[in-house]
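Residue-level structure breakdown
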Amino acid sequence: MDTMALVTMGPLLKRAQAARYGIAAFNMIDYNSARSIVEGAAALDAPIIVQVSVKTIKHWGYKAIAGWVRMLADDVDVPVALHLDHCSDADVIRRCIDAGWTSVMFDGSALPFAENRARSQEIYRMTEAAGVGLEAEIGAIGGVEDDKFVAEDAAILADYDECVAFVKDMPNLAVFAPAIGTAHGFYKGQPKIAYDLLARITAAVPIPIALHGGTGLSQEQFDRCIANGCAKVNISTMHKHRFIEGFVGVRTEKPKLEEPLPFIAGQYEAMKKDVLDMIRAFGSAGRAAHAAGLEARP
Ligand SMILES: [Zn+2]
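Reading the values: the criteria
- Residues numbered from 1 in each chain as written.
- Predicted model: local features only at pLDDT ≥ 70, side-chain atom pairs only at ≥ 80, totals over all residues.
- Heavy atoms only, no water.
- UniProt positions renumbered as here; feature names shortened; annotations may be inferred.
- Donors = N, O, S within 2.8 Å, 3.2 Å for Na, K, Ca; no water.
- Helix = DSSP H or I, 4+ residues; strand = E, 2+ residues; numbered from the N terminus.
- Buried < 20%, exposed > 50% of the residue type's maximum accessible area, 1.4 Å probe, protein only.
- Pairing = 2+ DSSP bridges.
- Right-handed = clockwise from strand over helix to strand, strands pointing away.
- Arc of directions from axis to C-beta.
- Polar contact = N/O pair within 3.5 Å; in protein donor to acceptor, adjacent residues only side chain to side chain.
- Salt bridge = Lys/Arg side-chain N within 4 Å of Asp/Glu carboxyl O.

The protein chain goes by Tagatose-bisphosphate aldolase in an unreviewed UniProt entry, where it is assigned to Kumtagia ephedrae. For the protein chain, the Pathway (unreviewed entry) comment in UniProt is given as "Carbohydrate biosynthesis; Calvin cycle."

Dropping the structure here:
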């Protein structure tokens, strides 16, 4: 397969959903983290989504992030999408599109339904005109995302009828994120995933579903979510922990080390191991050509 550079995620996710595997979407932190994500995917011949939170963009800048990820994608033979995670600011979305992001998420889940729908449609028109994929959300996913906190028991499941109405005028939506009981961060108790609701939404809505709050779910929970239509599986919290623990682990092992590169290498290996584990867990290893539409196998 030739180098694919950056691609839009909608077609990848449609093929993944049809074949019932999940594409991992990791929240990158810096260049080392982005490299562990892209090279981890390449090592397993898997499609991958590198997603970025608004605060990470504000830290590094649009051009730096787009440049890193494009450069990494150019060096591998698997499809890589660059995605903006949870964003409610149209200006940030516009700037990501201009800088080379291939998809963006508009998160209007804090708004009343009608307003979320109207704002999502405005952003949809913007992304369609730019040839960029859009992820939109309804309901409230629990936990912390950037500085927004939704208590796990206050998380609101998406309403089935609202889901159907919401996506009706956005037929080319790349991925849809209805709240199905998962939460961001580490789970305090057992997550109560609404599999029946997920299955009903998947049956009614011809759009791949995003699973937010992937950190801490079991293999069985991943399997059931993917079997019921989730094609994009988000991992952020665990990656953040690997970023910190990988670095600190080198210091614990070699307290007198003064050369910084072994720290960065230790951090890279810790993050990459988790990327490999998750890609295997979601069934997307060996699926690069399939996701890219370069394989006859359905
Ligand atoms: Zn999320």
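1. As for the coordination of the zinc ion
Every protein donor of the zinc ion is accounted for by His 86 (NE2), His 184 (NE2) and His 212 (ND1), and the metal-donor separations fall at 2.0 to 2.1 Å. In terms of primary sequence, the donors binding the zinc ion are separated according to H-x97-H-x27-H. In this pair, His 86 is assigned in the loop between strand S3 (80–84) and helix H5 (90–99) and His 212 in the loop between strand S9 (209–211) and helix H9 (219–227), connecting sequence segments 126 residues apart. Summarising the burial analysis for this pair, His 86 and His 212 share the class buried.

2. Some words on the pairing of strand S1 (residues 23–27)
Of all five residues that make up S1, five are buried, and the element is covered over most of its length. What you see with S1 is no split at all: Ile 23, Ala 25 and Asn 27 on one side and Ala 24 and Phe 26 on the other are buried throughout. In the sheet, S1 pairs with strand S2 (residues 48–52) via three bridges, with the strands oriented parallel. Among the inter-strand pairings, Asn 27 is bridged to a residue of S2, identified as Gln 51. Viewed along the sheet, the connection from S1 through helix H2 (residues 31–43) into S2 turns out right-handed.

3. Concerning helix H1 (residues 9–19)
Working note: α-helix, 3.6 residues per turn, so residues spaced by three or four point in the same direction. Inspection of H1 places Met 9, Gly 10, Leu 12, Leu 13, Ala 16 and Gln 17 among the buried residues, and these make up the whole buried set. For H1, the arc enclosing every buried residue in end-on projection is 160°, short of the 170-degree limit, so these residues lie on one face. Just beyond H1, the residue with positive phi is Arg 20, at close to 60°.

4. Regarding unusual backbone geometry
For residues that are not glycine, phi is negative in most cases, and the peptide bond is trans in most cases. Even without glycine at this site, Arg 20 takes up a positive phi of about 60°. Mapped onto the elements, Arg 20 comes out in the loop between H1 and S1. Judged by its relative accessible area of 38%, Arg 20 falls in the partly exposed class. For Asp 45, which is not a glycine, the phi torsion comes out positive at approximately 55°. Among the structural elements, Asp 45 can be located in the loop between H2 and S2.

5. Considerations on the UniProt feature "active site" (unreviewed entry) in the protein chain
The sites that UniProt annotates as "active site" (unreviewed entry) are Asp 85. The topology assignment puts Asp 85 in the loop between S3 and H5. In terms of polar contacts, Asp 85 uses its side chain to reach the side chain of Asn 27, at 2.9 Å.

6. A few points about the pattern of salt bridges
One pass over the structure, following the stated rule, counts six salt bridges. Residue Asp 169 pairs with Arg 117 through a salt bridge whose shortest N-O separation is 3.4 Å. Of this pair, Asp 169 sits in the loop between helix H7 (160–168) and strand S8 (175–178) while Arg 117 sits in helix H6 (residues 113–130), placing them 52 residues apart in sequence. With a closest N to O distance of 4.0 Å, Arg 242 and Asp 274 form a salt bridge. Here Arg 242, found in helix H10 (residues 237–253), pairs with Asp 274, found in helix H11 (residues 261–282); they are 32 residues apart in sequence, far enough to count as distant.

7. Some thoughts on the UniProt feature "binding site: Zn(2+) 1" (unreviewed entry) in the protein chain
Mapped onto the present numbering, the UniProt feature "binding site: Zn(2+) 1" (unreviewed entry) falls on His 86, His 184 and His 212. The greatest C-alpha distance among the residues just named is 11.6 Å, despite their covering 127 residues of sequence, which places them together in space. At 2.7 Å, the side chain of His 86 and the side chain of Asp 107 are in polar contact. In this fold, His 184 is placed in the loop between S8 and helix H8 (195–204). Only 3.3 Å separates the side chain of His 184 from the side chain of His 86, close enough to count as a polar contact.

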